[in-house]
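So the chains spell out like this:
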Amino acid sequence: MCDTQVIIRDGVTWLAKNSDREPSEAQYVVRIPAAQEDSATLVRLTYQAIPQVPNRYAVILSKPFWIWGAEMGVNDQGVAIGNEAVFTKLVDRENESLLGMDLLRLGLERGGTAEQALKVITELLEKHGQGGPAGYRDKGFRYDNSFLIADARDAWVLETAGRHWVAKRLQSQEGVAYRAISNCLSITDDYDLCSEGLQEFAIEQGHWNGKGTFNFAKSFDTWFMSFFGKAKERRMQGEENLGHCALQTKTTLMDLVASLRHHKRARDLFAQHDNHDVCLHAGSFKRPSQTCASMIVRLTGNGKDDYLFTASSAPCMSLFKAVNFDFGQEYHFLTDEQAPVGASYWHRQESIHRRALFNLDFRAQLLESLESVQSEIYCWLNESSPPREVDYVEADKIARQWHESWYNEALKHPLETDLLSVYGHFWRNLNMRDCVL
């Protein structure tokens with residue numbers, strides 16, 4: 001399960017996403033340089049090789065460690081994309097082709113604007129299709145995909161079913177436009193673009209009777225996973241949060257942080273949470289997904305964009321860390337694509353996260369410290385005055401020190417769970433299986 005949100009106002013686009021995956025699945029933030037005149041003829045994706053292009057944009061991605069593609073990311077042209085699993089009637093249950101995450105990375109590497117990225121994704125989708133096991137340990141987990149694709153001027157919602165798709169351009173109302181997507185189809189009959197022969201295909205396959213107005217979501221969506229995962233409720237919650245942002249005089253980083261940290265019920269015990277939460281905490285077979293990483297980007301179109309990633313689970317307990325495309329500067333939370341999980345920032349941060357799940361005193365101190373350092377580092381994104389220049393070196397230094405301090409503090413506490421509850425047993429088993437210190 002996932003949630004992606006976008007708001008455009010005052011010539012600035014904010015795109016934010018929570019990536020909900022299996023709670024043991026490490027997610028790396030990687031930075032990959034641009035390519036010029038690359039001689040490679042093929043690129044090997046997660047399951048399939050396709051023709052490579054010689055020129056590609058630099059990208060920063062947040063990606064499951066074992067997948068070629070990414071859950072979310074941005075390129076050096078100021079295009080950002082987040083994707084969602086959608087469970088349509090056309091999900092391929094047998095073959096291996098392109099994952100939605102592969103399509104997302106390809107769109108960023110090859111698309112210099114939001115509209116170009118949309119074209120890249122849809123052309124590759126029509127040519128190669130989509131499908132394959134998308135779960136880390138659950139290899140029966142398969143789905144189609146939807147995407148939010150944005151730059152400083154434009155945003156598109158792209159929803160797919162098999163090789164077919166519809167896309168809707170975000171229209172600004174009184175200078176403000178916003179949209180949230182989740183794990184269900186949301187485009188009905190109001191799309192701006194679609195795959196060729198879409199309506200004829202729907203009739204031929206018995207998904208539409210040809211009467212009245214064609215409705216993409218009604219024709220291809222299924223109900224069980226959407227209902228079970230509370231996808232429509234989370235999408236509505238996301239749009240409600242964005243609506244509050246739109247009513248304010250200025251949208252800030254902390255507005256988007258608060259939206260990604262949203263819990264339907266403000267309870268200390270995560271065992272009492274459920275699938276309505278935008279900030280999702282795993283806890284049982286009914287709630288198997290965890291927000292494993294988050295991203296917020298601010299796209300200005302003037303070369304002064306901001307990219308922030310948690311590179312860790314649970315945005316409500318994570319620091320959003322800034323990164324840029326200066327390949328001469330290192331960042332402590334970036335991980336090499338080929339690095340073993342045990343060497344990743346994500347795995348190290350799990351020692352903090354999993355103690356905070358059950359140790360309420362530890363969590364309270366962590367959250368107090370988190371709010372203080374978040375405000376210290378990123379005040380430039382919350383000021384009402386024009387943004388000041390960002391000192392990325394200093395920001396990364398503060399974030400690194402904060403992480404090291406809390407990692408060392410975490411190791412002073414035992415890795416406890418509540419053995420009298422299903423929730424406690426769920427996490428105890430994961431702690432043993434994942435070798436979390």
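Structure's up top.
It should be emphasised that the depicted structure is a prediction, and the values quoted were computed from it without experimental measurement.

(A) Broad picture of the overall build of the protein chain. Of the regular secondary structure elements, the protein chain holds 11 helices and 16 strands. A compact globule built from 437 residues should have a C-alpha radius of gyration of about 22 Å, and the protein chain, at 21 Å, falls within 12% of that. If one aligns the C-alpha atoms of the protein chain with their principal axes, the spans along those axes are about 65 × 50 × 50 Å. Per-residue burial for the protein chain yields a buried fraction of 60% across its 437 residues. Put simply, 71% of the contacts in the protein chain that link residues at least 6 apart link residues at least 24 apart. When the accessible surface of the protein chain is split by element, carbon and sulfur atoms take 50% of a total near 17,900 Å².

(B) Local environment of the side chain of glutamine 329. Locating glutamine 329 in the fold gives a position in the loop between strand E16 (321–323) and helix H8 (345–358). Taking the relative accessible area as the measure of exposure, glutamine 329 reaches 10% and is therefore buried. A distance of 3.4 Å separates the side chain of glutamine 329 from the side chain of tyrosine 331, its partner in a polar contact. Setting aside its immediate chain neighbours within four residues, glutamine 329 contacts Arg31, Asn324, Tyr392, Val393 and Asp396.

(C) Representation of the packing of H8 against helix H11 (residues 422–434) in the model. Between H8 and H11, the shortest axis-to-axis distance is 12 Å and the interhelical angle comes to 160°. Compared by their axis directions, H8 and H11 come out roughly antiparallel. When the axes of H8 and H11 are compared, the crossing they make is left-handed. Facing His347, His353, Arg354, Leu357 and Phe358 of H8, the residues of H11 in contact are Tyr423, Gly424, Trp427, Leu430, Asn431 and Asp434. Partitioning the contact of H8 with H11 into residue classes produces five nonpolar, four polar and two charged.

(D) Region of interest: the sheet that holds strand E13 (residues 193–194). Sheet architecture is open: eight strands sit in the order E3-E6-E7-E8-E9-E10-E11-E13, paired in antiparallel fashion. The two strands at the open ends of the sheet, each matched to only one other strand, are strand E3 (27–32) and E13. Direction of pairing for strand E6 (residues 59–64) relative to strand E7 (residues 72–75): antiparallel, over a ladder of four bridges. Its bridge partner lying in E7, isoleucine 60 is registered against valine 74. Strand contacts of helix H2 (residues 114–128): strand E8 (80–86), strand E9 (144–150), strand E10 (155–161), strand E11 (164–169) and E13, with the helix running at about 10° to E10, the strand carrying the most contacts.

(E) Broad picture of the nonpolar core. Counting 87 residues, the largest nonpolar core has Ile296 and Tyr307 as the members making the most contacts within it. Ignoring anything within four residues of it in the chain, the contact list for isoleucine 296 reads Trp14, Leu15, Ala16, Leu253, Leu256, Val257, Leu260, Asp306, Tyr307, Leu308 and Phe320. Membership of the second largest hydrophobic core comes to 34 residues, among which are Ile32, Ala70, Ile81 and Leu104.

(F) Fine view of the environment of threonine 310. Tracing the sequence through the fold places threonine 310 in the loop between strand E15 (306–309) and E16. You can call threonine 310 buried: its relative accessible area is 0%. Setting aside residues no more than four positions away along its own chain, threonine 310 makes contact with Ala293, Ser294, Ser318, Leu319, Phe320, Lys321 and Tyr345.

(G) Geometry of the packing of aromatic side chains. This model, assessed by the stated rule, comprises 19 aromatic pairs. Arranged with centres 6.4 Å apart and planes meeting at 25°, the rings of phenylalanine 201 and phenylalanine 220 form a pair that is stacked. Separated by 19 residues along the polypeptide, phenylalanine 201 in helix H3 (residues 198–204) and phenylalanine 220 in helix H4 (residues 216–220) bring together distant segments of the chain. Ring geometry for phenylalanine 358 and tyrosine 423: centres 5.1 Å apart, planes at 40°, overall tilted. Here phenylalanine 358 is found in helix H8, whereas its partner tyrosine 423 is found in helix H11, with 65 residues between them in sequence. Clustering of aromatic rings is evident, with ring pairs tying together Tyr191, Phe201, Trp208, Phe214, Phe216 and Phe220. Cation over ring: lysine 321 sits above phenylalanine 333, and NZ or CZ is 5.8 Å from the ring centre.

(H) Inspection of the pattern of salt bridges at higher detail. One pass over the structure, following the stated rule, counts 22 salt bridges. One salt bridge connects arginine 105 with glutamate 337, and the closest N-O pair in it is separated by 2.9 Å. Placement of the pair is arginine 105 in helix H1 (residues 100–110) and glutamate 337 in the loop between E16 and H8, with a sequence separation of 232 residues. For arginine 105, a relative accessible area of 5% corresponds to the buried category. With a relative accessible area of 23%, glutamate 337 lands in the partly exposed category. Measuring nitrogen to oxygen at the nearest pair gives 3.6 Å for the salt bridge that ties arginine 153 to aspartate 151. Arginine 153 sits in the exposed class, given a relative accessible area of 58%. Note on aspartate 151: relative accessible area 4%, which makes it buried.

(I) The arrangement of the sheet that holds strand E14 (residues 290–299) in detail. The strand order E12-E1-E2-E14-E15-E16 describes an open sheet built from six strands, whose pairing is antiparallel. Among the strands making up the open sheet, the edge pair consists of strand E12 (176–181) and E16. Across this sheet, the average inter-strand angle for adjacent strands is 15°, counted without regard to direction.

(J) Region of interest: unusual backbone geometry. Non-glycine residue lysine 230 carries a positive phi angle of around 55°. Mapped onto the secondary structure, lysine 230 falls in the loop between helix H5 (224–228) and helix H6 (231–247).

(K) Focus on the environment of serine 351. Tracing the chain through its elements places serine 351 in helix H8. A residue is classified by how much of its surface remains accessible, and serine 351, at 2% relative accessible area, is buried. Those residues within four positions of serine 351 in sequence are excluded, and the remaining contacts are Tyr407, Ala410, Val436 and Leu437. A polar side-chain atom of serine 351 sits 3.5 Å from the main-chain carbonyl oxygen of leucine 437.

Calculation criteria
- Residues numbered from 1 in each chain as written.
- Predicted model: local features only at pLDDT ≥ 70, side-chain atom pairs only at ≥ 80, totals over all residues.
- Heavy atoms only, no water.
- Helix = DSSP H or I, 4+ residues; strand = E, 2+ residues; numbered from the N terminus.
- Rg over C-alpha atoms; globule rule 2.2 N^0.38 Å.
- Buried < 20%, exposed > 50% of the residue type's maximum accessible area, 1.4 Å probe, protein only.
- Contact = heavy atoms within 4.5 Å.
- Areas by Shrake-Rupley, 256 points an atom, 1.4 Å probe, with all protein chains shown as cover.
- Polar contact = N/O pair within 3.5 Å; in protein donor to acceptor, adjacent residues only side chain to side chain.
- Axes fitted to C-alpha atoms, helices over the stretch in contact; angles between N-to-C directions.
- Parallel < 35°, antiparallel > 145°, perpendicular 65-115°, else oblique.
- Left-handed = near helix turned anticlockwise from the far one by under 90°.
- Nonpolar A, V, L, I, M, F, W, Y, C, P; charged D, E, K, R; others polar.
- Pairing = 2+ DSSP bridges.
- Core = buried A, V, L, I, M, F, W, Y, C linked by side-chain atoms within 4.5 Å.
- Phe/Tyr/Trp six-rings, centres within 6.5 Å; stacked < 30°, edge-to-face > 60°.
- Lys NZ or Arg CZ within 6 Å of the ring centre and 35° of its normal.
- Salt bridge = Lys/Arg side-chain N within 4 Å of Asp/Glu carboxyl O.

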